[in-house]
Amino acid sequence: RRSYRVSALDLLIRRLMSQRASLERAASLITQLPGPALQIGWGDGIAYDHLHEILRRRDLFVFDKAIAAPETAAPQPEHRIIGDPSDTLPQAWERWRREAAFAYLNFPAPARAAAALAPLLAPLLRPGAIVILESEVELPGWEAVAAPDGARDARERHRQRDIGAGRARNSRPP
């Protein structure tokens, strides 16, 4: 019996194809929702570049401690939220209270770290918003969305904010 090993290059290609399929699926799910898109974590900028391309008519804001990118590739200064997301997400509650249509947690956080950021992110997202994260996290008021076709390495998990969450629209975030 022969065992087949998948090469590191094939694993990388699968991961990137899955990431692209996930981002494009999320973009298609939010076409009817108004509001900005949020990327939490800069990473290497590849995801931002693709999101910027597929979400052309939507503002895309990046939250991270630092954004190391050439000026020609980085978000405009007004689209950068620099600082620890655990501090800067609550600071954004007044700016985008329940307005964002999409959020992408662009870092492989352990489930507990993603779970800690979720309540800080939730007040920014409108009902029906889509969130993509790599950790398997159960979020109250959020529903799992099936992985897109073409996601062979389904690291990204999709969540959708409960449509009924809009009833609390006038209440203040925690």
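Residues numbered from 1 in each chain as written. Predicted model: local features only at pLDDT ≥ 70, side-chain atom pairs only at ≥ 80, totals over all residues. Heavy atoms only, no water.

Draft legend 1. Layout of helix H4 (residues 111-121). Here H4 has its buried residues at Ala 114, Leu 117, Ala 118, Leu 120 and Leu 121. With its buried residues spanning 165° around the axis, H4 presents them on a single face. On its buried face, H4 sits against strand S1 (37-40), helix H3 (85-91), strand S4 (100-105) and strand S5 (125-133). (Buried < 20%, exposed > 50% of the residue type's maximum accessible area, 1.4 Å probe, protein only. Helix = DSSP H or I, 4+ residues; strand = E, 2+ residues; numbered from the N terminus. Arc of directions from axis to C-beta. Contact = heavy atoms within 4.5 Å.)

Draft legend 2. Highlighting the packing of aromatic side chains. According to the stated counting rule, one finds 3 aromatic pairs in the structure shown. Centroid distance Trp 42 to Tyr 48: 5.3 Å. Interplanar angle 45°. Geometry classified as tilted. When its relative accessible area of 4% is taken as the criterion, Trp 42 is described as buried. These aromatic residues form a ring-pair network of at least three members: Phe 61, Phe 63 and Trp 96. (Phe/Tyr/Trp six-rings, centres within 6.5 Å; stacked < 30°, edge-to-face > 60°.)

Draft legend 3. The pattern of salt bridges, seen in detail. For the structure shown, the criterion picks out 3 salt bridges. Here Lys 65 makes a salt bridge to Asp 84, at a shortest N to O gap of 3.9 Å. Note that Lys 65 is positioned in the loop between strand S2 (60-64) and strand S3 (80-82) and Asp 84 in the loop between S3 and H3, a separation of 19 residues in sequence. The partner of Arg 97 in a salt bridge is Glu 94, and the shortest N-O contact between them spans 2.6 Å. Assessed through its relative accessible area of 22%, Arg 97 is described here as partly exposed. (Salt bridge = Lys/Arg side-chain N within 4 Å of Asp/Glu carboxyl O.)

Draft legend 4. Seen up close, the pairing of S4. When you tally the buried positions in S4, you get 6 out of 6 residues, the bulk of the element. Note that S1 and S4 share 4 bridges and pair parallel. Its bridge partner being in S4, Gln 39 is matched across the sheet by Tyr 104. Bridge analysis of S4 against S5 gives 4 bridges, and the strand direction is parallel. Paired with Ala 100 across the strands is Leu 125, a residue of S5. (Pairing = 2+ DSSP bridges.)

Draft legend 5. Quick look at helix H2 (residues 46-54). For H2, the full list of buried residues reads Ala 47, Tyr 48 and Leu 51. An end-on view of H2 places all buried positions within 95° of arc, on one side of the element. Seen from the open side of H2, the exposed residues pointing more than 90 degrees away from its buried face are Ile 46 and Asp 49. If you follow the buried residues of H2, they end up packed against helix H1 (8-29), S1, S2 and S4.

Draft legend 6. Summary view of the confidence of the model for the protein chain. Residues of the protein chain with pLDDT of at least 70 account for 85%, and the chain-wide mean is 83. Note that pLDDT drops below 50 for residues 164-174; the model gives that stretch 16 contacts with residues more than four away or on any other chain. (pLDDT = per-residue confidence, 0-100.)

Draft legend 7. Up close: the side chain of Asp 64. Structurally, the position occupied by Asp 64 is in strand S2. One buried charged residue, Asp 64, remains without a salt bridge, the closest side chain of opposite sign being Lys 65 at 6.7 Å. Asp 64 has contacts with Gly 41, Trp 42, Gly 43, Ile 81, Ile 82, Gly 83 and Pro 85, leaving out every residue within four places of it along the chain. (Lys, Arg positive; Asp, Glu negative; His and termini not counted.)

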